[in-house]
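What the coordinates show
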Amino acid sequence: MLYRFRGNYRNRIGGFFELAQIQLIYGIDSTVYAKIANHLSLDTTNIKRIDLNSVSLERLALHPYIGYKLAKVMVNYRAQHGSFKSKSDLKKIILINEEIFRKIERYILIQ
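Presented here is an overview of the structure given in this document. (Residues numbered from 1 in each chain as written. Predicted model: local features only at pLDDT ≥ 70, side-chain atom pairs only at ≥ 80, totals over all residues. Heavy atoms only, no water.)

1. Quick word on the overall build of the protein
- The helix and strand tally for the protein stands at five helices and two strands.
- The secondary structure elements of the protein, listed N-terminal to C-terminal, are α-α-β-α-α-α-β.
- Based on the C-alpha atoms only, the size of the protein along its principal axes is roughly 50 × 25 × 20 Å.
- Taken over 111 residues, the protein has a buried fraction of 36%.
- Across the protein, the fraction of contacts at a sequence separation of at least 24, relative to all contacts at a separation of at least 6, is 53%.
- For the protein, the accessible area works out to roughly 7,200 Å², and carbon and sulfur atoms hold 51% of it.
- The protein carries 18 positive and 9 negative side-chain charges, and their two centres are separated by 4 Å. (Helix = DSSP H or I, 4+ residues; strand = E, 2+ residues; numbered from the N terminus. Buried < 20%, exposed > 50% of the residue type's maximum accessible area, 1.4 Å probe, protein only. Contact = heavy atoms within 4.5 Å. Areas by Shrake-Rupley, 256 points an atom, 1.4 Å probe, with all protein chains shown as cover. Lys, Arg positive; Asp, Glu negative; His and termini not counted. Charge placed at Lys NZ, Arg CZ, Asp CG, Glu CD.)

Pasting the structure below:
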């Protein structure tokens, strides 16, 4: 049986890069995940990425890994320093540690 997860969380996040992210869906705890993990497959071809140089504060704040506070800092950084040149520019923002960077880097792009 192939499980397909359609829903608000997956859409808000932009898609799943790792099967373990499914545990972040309400109602899918580690027990449920263990039961269904062998039946899951992952398709990363339709991941939705956010262009940091054109996204609005409101849209960026909707991403579950970013939220309003971090989105505001990111947009303010862009306003003060100009367009992001690369994803690694995010590491210059004091609120973005290595863990946060790893979570969000796959969902962003720089154009």
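2. Quick notes on the pattern of salt bridges
- This structure, assessed with the given rule, holds three salt bridges.
- Among the ionic pairs, lysine 92 bridges to aspartate 89, the shortest N-O distance being 3.4 Å.
- By relative accessible area, aspartate 89 is classed as buried at 11%.
- Glutamate 98 serves as the salt-bridge partner of lysine 91, at 3.7 Å between the closest nitrogen and oxygen. (Salt bridge = Lys/Arg side-chain N within 4 Å of Asp/Glu carboxyl O.)

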